[in-house]
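Residue-level structure breakdown
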Amino acid sequence: MSGRMVEVEAYIGETDRACHGRHGRTARNAAMFGKPGVAYVYFTYGLHWMFNIVTEREGFAAAILVRALEPVEGIDRMERHRPGRALSQLCSGPAKLAQALRIDKALNGVDLCARGADLWLEAGGPLASKHIGRGPRVGVDFAPEAWRAKPWRFFVKDSPFVSK
DNA sequence: CTCGTGATTGACT
DNA sequence: GTCAATCACGAGC
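Residues numbered from 1 in each chain as written. Chains lettered and ligands numbered in written order. Predicted model: local features only at pLDDT ≥ 70, side-chain atom pairs only at ≥ 80, totals over all residues. Heavy atoms only, no water.

In this fold, arginine 67 is placed in strand S4 (residues 62–73). The exposure class assigned to arginine 67 is buried, which follows from its relative accessible area of 8%. Excluding residues that lie within four positions of it along the chain, arginine 67 makes contacts with Glu7, Val8, Glu9, Cys91, Ser92, Gly93, Pro94, Leu97, Val138, Arg153 and Ser163. (Helix = DSSP H or I, 4+ residues; strand = E, 2+ residues; numbered from the N terminus. Buried < 20%, exposed > 50% of the residue type's maximum accessible area, 1.4 Å probe, protein only. Contact = heavy atoms within 4.5 Å.)

Laid out in structure tokens, this is it:
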């Protein structure tokens, strides 16, 4: 299965009060403090898995949350994992895409740049900046205003596959 | 709008 | 060690 990333959010360092790294290194967020190019997958709200890509140097807690994909390959399998959903709703949210691609804790810590991994990244095509939208991150109302307001959500304008 | 759902966590003893 | 609150969401009304 594969998809084109059409929506992401940045979580940047221990000073970012919306970032899981804000309380320092813990067992859950350890992958965030590790090498870049690695998956950070965590469980939340009692039922949802979230897929992040670790960025920045080792020891600096930063990652990109992948919030939506445009389904490309293996759409029939994704539909089996999320029965009864329209194509545009298959991967239009962080927990939806994890369910569609069967991403869970087994993929936490995998090297997304390695050949032969169970999950990996490939280069996409070019995207002109005029097609890129940005705005505040979603679901971070718990963070202080200064951090809630950071325009660190990026998405493909006019894509029907983004989360909203 | 409301509610499910349970691992993780910081605040305690 | 214990404990209750919290939470980078989604589905259904």
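Here we come to the layout of surface pockets. For the largest pocket, the calculated volume is near 1,000 Å³. When contributions to the lining of the largest pocket are tallied by element, the ones reaching two or more residues are strand S1 (2–12), strand S3 (48–54), S4, helix H2 (94–101) and strand S6 (153–156). Broken down by element, the residue count for the lining of the largest pocket peaks at nine residues, all from S1. Its residues assigned to classes, the lining of the largest pocket comprises 27 nonpolar, four polar and eight charged. If you go around the second largest pocket, you meet 25 residues; those closest to its centre are Tyr42, Tyr45, Met50, Leu65 and Gly139. Every element with two or more residues in the lining of the second largest pocket is listed here: S1, strand S2 (39–44), S3, S4 and H2. Here the residues of the lining of the second largest pocket are counted per class, giving 14 nonpolar, six polar and five charged. (1 Å grid on protein atoms, 1.4 Å probe; cavity = no way out; pocket = protein on both sides within 12 Å on 5 of 7 lines; lining within 4 Å. Points joined across faces, edges and corners; volume = space filled by probe spheres on them. Nonpolar A, V, L, I, M, F, W, Y, C, P; charged D, E, K, R; others polar.)

With that settled, consider the protein's contact with DNA strand B. As a matter of local geometry, DNA strand B sits amid His23, Thr26, Arg28, Phe43, Tyr45, Gly46, Leu47 and His48. Put simply, 67% of the atoms of DNA strand B that lie within 4 Å of the protein are in sugar or phosphate. Measuring from a phosphate oxygen of DNA strand B, one finds a side-chain N or O atom of histidine 23 at 3.2 Å. Of the residues in the surface near DNA strand B, the class split is three nonpolar, four polar and one charged. (Near = heavy atom within 4 Å. Polar contact = N/O pair within 3.5 Å; in protein donor to acceptor, adjacent residues only side chain to side chain.)

Turning our eyes to something else, we now look at the side chain of asparagine 52. Relative to the helices and strands, asparagine 52 resides in strand S3. For asparagine 52, a relative accessible area of 4% translates into the label buried.

A cluster of nonpolar residues, Phe43, Tyr45 and Leu47, forms a patch on the protein surface that exposes about 380 Å² of accessible area. Within the secondary structure layout, tyrosine 45 lies in the loop between S2 and S3. Judged by relative accessible area, tyrosine 45 falls into the exposed class, the value being 66%. (Patch = residues over 30% accessible without salt bridge, like charges linked within 9 Å, V, L, I, M, F, W, Y side chains within 5 Å. Areas by Shrake-Rupley, 256 points an atom, 1.4 Å probe, with all protein chains shown as cover. Salt bridge = Lys/Arg side-chain N within 4 Å of Asp/Glu carboxyl O.)

Attention now goes to the protein's contact with DNA strand C. Around DNA strand C, 21 residues are found, and the nearest of them are His20, His48, Met50, Asn52 and Phe142. Taking all atoms of DNA strand C within 4 Å of the protein, the share assigned to sugar and phosphate is 60%. Within the backbone of alanine 18, a nitrogen or oxygen atom sits 3.4 Å from a base nitrogen of DNA strand C. One of the side-chain N or O atoms of histidine 48 is found 2.6 Å from a base oxygen in DNA strand C. Within the residue set of the surface near DNA strand C, elements represented by two or more residues are S2, S3, S4 and H2. Its residues assigned to classes, the surface near DNA strand C comprises 11 nonpolar, six polar and four charged.

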